[in-house]
Amino acid sequence: ARSLTGTAHMSSLPLVVMISLLAVVQAQSEPENGAIRFYRNGDSSKTLQSGILQVYYKNSWGNVCFNSSFTKSSADVVCHQLGFTSASSFSSAGKASFGLDPNPPLLQNVVCDNSNLLVMLQCAYNDSNPVCAHSDDVTVTCNSGKLWDTPFDAMVRLVDGQFVTEGRVEIYCNEKWGTVCETSDHTDFANVICQQLGYTNVVDWDDLPITDNSTQPIWMKDVDCDLSKTCVAFCQTCPSSLDDAISSCNHTQDMTVKCTYDTSAGNRNHEINTCKYANEALGLAAAIIATIVIFSICGFSIIV
């Protein structure tokens, strides 16, 4: 009944106003578990380089309590998740440095023993009734360098999403960032993308109202994969050259995903360089197989 009433009201509005309102509604997105961002003087964003650390955990935004367990390694992982190379500093001076963040504390005792992890929830933490004053909210300042400033073949990133857990899928091949065309259901491939980024699984894909980027090549199309794969390149390797980019798609079909970190799914151990050599390894394996096939066709025997 509520939606019917809303529809009746909207039907009396001018068409242009209705379209504008629908566009605003469609543009809104909900964060997923494990999303993080920085808060600074009333502004919260995934694009800020420093601020009070906010985490979306069990359906609400909140802060992380600072204590001795939060070290440079933990700060580095926070910066990795936001796309930065590392942290330059961290502290408990939340309220004093970046203003009062009214959100409650959600996590404490965050311990990242491995500084190469990609998502903060990959680390150990305690979510049992955390208590701390806003003066003890964790703050982090990241270095300006981005992880994708030094990309590798089949590296993945999410672009233009409202939250760090979502966006248009971009893959690096042949020294260029490009997109993925999806015209059918490839949920398993979407899951692999999220796992390469450190998350546990995909929540939704191809439903985000994100503007396409028509200047980029389209590197892959309708990729078949299965959940045993841990990297995109294990599903499909990069094309051998720019000339082999996909031409049978357009950028209105660019793939988008929403990832989440399901704490009941167990830890994911993906690191910054987990998939760094996957594309080269698959390419070398393909070349070896092709050589063996050629030798077999030509009647040569191969002694191993």
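The rules we used
Here the residue index of a chain counts from 1 through its sequence in written order. Only residues with pLDDT of 70 or above have their local features reported here, since the model is predicted, and side-chain atom pairs are shown and tallied only from 80 upward, although totals for entire chains, interfaces and linings are computed over all residues. Based on all heavy atoms of the structure, the side-chain values leave hydrogens and waters out of the count. Strands here mean DSSP runs of E at least two residues long; helices mean DSSP runs of H or I at least four residues long; both are numbered from the N terminus. Whether a residue is buried, partly exposed or exposed follows from its accessible area with a 1.4 Å probe, protein chains only, as a fraction of its type maximum: under 20%, in between, or over 50%, in that order. The contact criterion used throughout is that any non-hydrogen atoms of two residues lie within 4.5 Å. Surface exposure here means Shrake-Rupley accessible area, sampled with a 1.4 Å probe, where a residue is shielded only by the protein chains that are shown. Here a cavity denotes a set of grid points, spaced 1 Å apart and computed over the protein atoms alone, in which a 1.4 Å probe fits but from which it cannot get out, and a pocket denotes an open set meeting protein on both sides within 12 Å along at least five of seven lines; residues with an atom within 4 Å of a point are reported as lining. Grid points are joined across faces, edges and corners, and a volume is the space filled by probe spheres set on the points. Throughout, the ten residues Ala, Val, Leu, Ile, Met, Phe, Trp, Tyr, Cys and Pro are labelled nonpolar, Asp, Glu, Lys and Arg are labelled charged, and all others, Gly among them, are labelled polar. Here, two cysteine sulfur atoms that lie within 2.5 Å of each other are counted as a disulfide. pLDDT expresses, on a scale from 0 to 100, how confident the predictor is about each individual residue. The term polar contact refers here to a pair of N or O atoms within 3.5 Å; inside protein, the definition further demands a hydrogen-donor-capable atom paired with an acceptor-capable atom, and it admits residues adjacent in sequence only when both atoms are side-chain atoms. A pair of aromatic rings is counted whenever rings of Phe, Tyr or Trp (Trp by its six-membered ring) have centres within 6.5 Å, and the orientation is called stacked for planes under 30 degrees apart, edge-to-face for over 60 and tilted otherwise. As a reminder, the over-ring test applies to NZ of lysine and CZ of arginine, requiring each to be within 6 Å of the ring centre and within 35 degrees of the ring normal. Throughout this description, the term salt bridge denotes a Lys or Arg side-chain nitrogen within 4 Å of a carboxyl oxygen of Asp or Glu.

Trainee: Just give me the short version of the overall build of the chain, but keep the residues and values in it.
Mentor: In terms of regular secondary structure, the chain is built from 7 helices and 14 strands. Counting all 304 residues of the chain, 44% fall into the buried class. Relative to all contacts within the chain whose residues are 6 or more apart in sequence, the contacts with residues 24 or more apart total 75%. Accessible surface, the chain: about 14,900 Å² in total, of which carbon and sulfur atoms supply 54%.

Trainee: Would you mind going over helix α3 (residues 72–81) in detail, with residue names and values included?
Mentor: Among the 10 residues in α3, 9 count as buried, and that is most of the element. Ser73, Ser74, Ala75, Asp76, Val77, Val78, Cys79, His80 and Gln81 are the residues of α3 that are buried. Taken together, the buried residues of α3 touch β1 (36–40), β3 (50–56), β5 (87–91), β6 (105–111) and β8 (139–142). Positioned one or two residues after α3, Gly83 has a phi angle of 95 degrees, which is positive.

Trainee: Please give an account of the layout of surface pockets that cites residues and values.
Mentor: There is about 520 Å³ of room inside the largest pocket. Together, 26 residues line the largest pocket, and Gln81, Gly83, Trp148, Arg157 and Leu158 are the ones closest to its centre. Secondary structure elements with two or more residues in the lining of the largest pocket: α3 and β9 (155–160). The biggest single contributor to the lining of the largest pocket is β9, with 6 residues. Its residues assigned to classes, the lining of the largest pocket shows 15 nonpolar, 6 polar and 5 charged.

Trainee: So what's going on with the state of the cysteines? Residues and values would help.
Mentor: All chains considered together, the criterion is met by 8 disulfides. For Cys173, the disulfide goes to Cys238, at an S-S distance of 2.0 Å. The S-S bond linking Cys173 to Cys238 shows a torsion near -70 degrees; that makes this disulfide left-handed. Taken as a pair, Cys173 in strand β10 (residues 166–173) and Cys238 in the loop between α6 (232–235) and β14 (256–260) lie far apart in primary sequence, 65 residues in all.

Trainee: Give me the lowdown on the confidence of the model for the chain, citing residues and values where you can.
Mentor: Put simply, the chain has an average pLDDT of 85, and 82% of its residues get 70 or more. Per-residue pLDDT, averaged within each element of the chain, yields its smallest value for helix α1 (residues 2–11) (35) and its largest for α3 (98). Confidence drops under a pLDDT of 50 for residues 1–13, and excluding neighbours within four residues, the segment shows 6 contacts in the predicted structure.

Trainee: Please give an account of unusual backbone geometry that cites residues and values.
Mentor: Not every positive phi belongs to a glycine, and Asn41 is a case in point at roughly 50 degrees. Turning to its location among the elements, Asn41 is positioned in the loop between β1 and β2 (43–45). Even without being a glycine, Ala154 presents a positive backbone phi close to 70 degrees.

Trainee: Before we move on, can you summarise the environment of Ser69 with the specific residues and values?
Mentor: Assignment of secondary structure puts Ser69 in the loop between β4 (61–64) and α3. A relative accessible area of 18% means that Ser69 is categorised as buried. Sequence separation between Ser69 and Asn109 is 40 residues, and the spatial gap between their C-alpha atoms is 5.6 Å. With near-sequence residues (within four places) excluded, Ser69 lies in contact with Ser74, Asn109, Val110 and Val111. Of the polar contacts made by the side chain of Ser69, one reaches the side chain of Asn67; its length is 2.4 Å.

Trainee: Tell me what's going on with the packing of aromatic side chains, and back it up with residues and numbers.
Mentor: All chains considered together, the criterion is met by 7 aromatic pairs. Here a set of aromatic residues connected by ring pairs shows up, and it is made of Tyr56, Trp61 and Phe163. Here the basic side chain of Lys146 rests over the ring of Phe84, its NZ or CZ set 4.0 Å away from the ring centre. One Lys or Arg, Arg157, reaches over the ring of Trp177 and ends 4.0 Å from the middle of that ring.

Trainee: Residues and numbers for the pattern of salt bridges, please.
Mentor: Per the counting criterion, the structure on display carries 7 salt bridges. Where Asp76 meets Lys72, a salt bridge forms, and the shortest distance between an N and an O atom there is 2.9 Å. One end of the pair, Asp76, and the other, Lys72, are both in helix α3, 4 residues apart, so they sit about a helical turn from each other. With relative accessibility at 36%, the residue Lys72 sits in the partly exposed group. With its nearest N and O atoms 3.0 Å apart, the salt bridge here joins Arg168 to Glu170. Judged on exposure class, the residue Arg168 and its partner Glu170 are both buried.

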